[in-house]
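Survey of secondary and tertiary structure
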Amino acid sequence: MDEGRLDDWAAGFRNGDEHGFRRLVESLTRTLVAVAYRYTGDWDWARDLTQDTWVRVHRNIRRYDPSRSFLSWIHTIHRNGCLDHVRRGWVRHETVTGDAELARLSGPAPDDPAADLEWREFRTRVLAAAEQLSEAQRQAFLRVDVEQGSGIDVARALGISPGTLRATLHHARRRLARILGGAEEAS
Amino acid sequence: MTERIECRVFEERLDALARGTLPPDLAVELRAHAAGCAACRGLAALGDHLAGPDLATLESRVPDAWIDGMWDSVQTALADEAPLRTSRRSLRVPLLAAAVVALLVATGWSITAWSRAERRSTALASELADQRIRLAELEARLDDAVAPGAATAAGGWLRSLDGADELTLDGLRAALADLPPGTPLLSAAKARALASSRWMPGPWRASLEHLPVDEPVTAADLLNALDELDLPGGMPVPADRLLDLLS
C-alpha cells in the first residue's frame, strides 16, 4: 500500500475532491473489514463498523492533518470504533438478511451458541483489561496482538525501537494474563 | 517479577504454540509447563483466544462485492444524516405537515419541541463523533516520534521530578506513562552509569540491566524496566538523586 498515494487522496478529499474519498474507500475497505473482524469475530459487524468508520472520516476530514499519515489517522478512528462497539455490548443496529456473501463467510449457525457467547465475553474482558495497561503497552497489544500489525510498522508508528516494542509486548501480555487470572479468581 | 527460564522460553514460543506450528513434543512440553504455572497458563489462554487467521488471510476472504458496495452504502448513510432540504417541497408535504401539526397539537406536543429534539439529537451525535475524532487526534500524537516535542516532554518531566516532594515507585510509573512512549530520557551511557551507580539497590540495578545499550533509553524502556521490579508501589524513590543522573 503506497501510503504517499493515500495521503494525496486524503489531502485532495479534504480540499473537496470526492474522487479522492472514493479511491480511499476502494483501497482500504478490505483491510479495515479484516481488522474489525479481528476485534469482533463477526463478518457482519466487521462490515458495519467499517462503514461507520468511513462515515466518520467523511464527516471529519477537516480534522485530518495532511502533514501526518492518513493511514495512521484512519486506523486510530477505526480502532476506537471497534473498541466502542465492544464496550457497548456488541449491539447490532440492524439485521442484514439475504446477503449470500455474508452467509458464505459466516457459515452455518454455530453449533454451540454458548461457546460463541463465551468467546465474545472473554474478548470483552480482554479489551477491558487492556484499559488497565499503560498507554504504550495498550497500543502495542492492540496494534500487534489484536490487529496483527507488523512489528516494524507498529514500532515506527509508536516512535520506539523494535526491541522496545518486544519488551513492551512482553510486559503487556504478562500484565493482561495477571489481570484476567485475578478476575477469574475473584469471580 | 522474577521469571524462571522456562517461562521466558514459553513466552518466546507462545505465538508458535497458538498457531500450532511447533513440533508436537515441544508443544506437549510447553503445555505441561503451563499446567503448572498460573502466569504462563494465563498467557496461553490469552494466546489461544487471540489466535486465528492472519490479517492477509482475512483480507483475502473479504468479498469483492463488499468493496464495490461499500461506496454506495457509505453514500446512503451520509444521505440519511443530511438535513431535510426545504427547497424540495411537494404538494404532499404541506398536507402531511398539516396532519402532523394537528396530531402533535392533539397530543400536547408542538412542532417546535419536535424540531428542537431532532436538532439536539443530531447535535449530540455530531458531538460524540467529534469527541471520538479528538481522541483519535490525541492518540495520533502518540504516533509521532517528533524530536522537538519529545525533548519538550522530557524537559517538562524532569522539571516535574524536581518539584516532587516525595516520589514513589507508582508515582514514577505514572509520570513515565504520561510521556509519549518514544520520548528519549537517557543516553545509553547514562543508563549504564545508572545501572552501576553505588546507591542503586540490587533489584533496581537488575531491572536496569535490561535497558538497551546502543541507543537512547525511552520512556517505554524505563517503564518496561520498572515492570521487572517486584517492589511495592508505595516504595519511595530518591527523586533528587534520580534527577542528578537524568539531567
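Details of the structure are given in the entry above.
Let me begin by describing the structure that accompanies this report. (Residues numbered from 1 in each chain as written. Chains lettered and ligands numbered in written order. Predicted model: local features only at pLDDT ≥ 70, side-chain atom pairs only at ≥ 80, totals over all residues. Heavy atoms only, no water.)

Residue-level contacts link 71 residues of chain A with 61 residues of chain B. A buried area of about 6,100 Å², summed over both sides, lies between chain A and chain B, and 58% of it is on carbon and sulfur atoms. Between the two partners, chain A and chain B, sit 2 salt bridges. Between R174 of chain A and E11 of chain B there is a salt bridge; the shortest N-O distance is 3.4 Å. Our enumeration of links across chain A and chain B arrives at 14 residue pairs in polar contact (both at pLDDT 80 or more). Counting residues per element, the ones that place at least two in the side of chain A that touches chain B are α2 (18-40), α3 (43-59), α4 (70-87), α5 (100-106), α6 (113-130), α7 (135-146), α8 (151-158) and α9 (162-186) of chain A. Counting residues per element, the side of chain A that touches chain B draws most heavily on α2 of chain A, which supplies 13 residues. For the side of chain A that touches chain B, a count of residues per class yields 25 nonpolar, 19 polar and 27 charged. (Contact = heavy atoms within 4.5 Å. Buried area = accessible area lost by both parts, 1.4 Å probe. Salt bridge = Lys/Arg side-chain N within 4 Å of Asp/Glu carboxyl O. Polar contact = N/O pair within 3.5 Å; in protein donor to acceptor, adjacent residues only side chain to side chain. Helix = DSSP H or I, 4+ residues; strand = E, 2+ residues; numbered from the N terminus. Nonpolar A, V, L, I, M, F, W, Y, C, P; charged D, E, K, R; others polar.)

According to the stated counting rule, one finds 13 salt bridges over all chains in the structure shown. Among the salt bridges present, the one from R138 of chain A reaches E131 of chain A, with a minimum N-O distance of 3.5 Å. Of the residues examined, E131 of chain A reaches a relative accessible area of 39% and is grouped as partly exposed. Two residues, D48 of chain B and R31 of chain B, come together in a salt bridge whose shortest N-O distance is 3.4 Å. One end of the pair, D48 of chain B, is in helix α4 (residues 38-50); the other, R31 of chain B, is in helix α3 (residues 24-36), with 17 residues separating them in the sequence. Of the residues examined, R31 of chain B reaches a relative accessible area of 37% and is grouped as partly exposed. Here the salt bridges do not stand alone but share partners, grouping D84, R87, E131, E135 and R138 of chain A into one network. (Buried < 20%, exposed > 50% of the residue type's maximum accessible area, 1.4 Å probe, protein only.)

Turning our eyes to something else, we now look at the packing of α2 of chain A against helix α6 (residues 64-81) of chain B. Helix packing geometry: the angle between the two helix axes and the distance between the axes. Two elements in contact, α2 of chain A and α6 of chain B, have axes separated by 9 Å at closest approach and are oriented at 130°. As summarised for this structure, α2 of chain A and α6 of chain B are arranged oblique, according to the angle between their axes. Where α2 of chain A crosses over α6 of chain B, the two elements pack in a sense that is right-handed. Residues E18, F21, R22, V25, E26, T29, R30 and V33 of chain A of α2 of chain A form the contact with α6 of chain B, whose own contacting residues are D64, W66, I67, M70, W71, V74 and Q75 of chain B. Counted by class, the contact of α2 of chain A with α6 of chain B contains 8 nonpolar, 2 polar and 5 charged residues. (Axes fitted to C-alpha atoms, helices over the stretch in contact; angles between N-to-C directions. Parallel < 35°, antiparallel > 145°, perpendicular 65-115°, else oblique. Left-handed = near helix turned anticlockwise from the far one by under 90°.)

What follows covers the nonpolar core. In this structure, Y39, W43, F141, L142 and L176 of chain A are the most contacted members of the largest nonpolar core, which totals 32 residues. In terms of residue count, α2 of chain A provides more of this core than any other element does, 6 residues in total. Judged by nonpolar contacts, the second largest core, of 24 residues, contains F13 and L32 of chain A together with W71 and V74 of chain B. (Core = buried A, V, L, I, M, F, W, Y, C linked by side-chain atoms within 4.5 Å.)

With that settled, the discussion passes to the packing of α7 of chain A against α8 of chain A. All names here are of chain A. Following both chains from N to C, one finds α7 and α8 inclined at 150°, their axes separated by 10 Å at the closest point. The angle between α7 and α8 places the two elements in the roughly antiparallel class. Like other packed secondary-structure pairs, α7 and α8 cross with a definite hand, here right-handed. In this structure, α7 contributes Q139, A140, R143 and V144 to the contact, and α8 contributes V154, A157 and L158. Across the contact of α7 with α8, the residue classes tally to 5 nonpolar, 1 polar and 1 charged.

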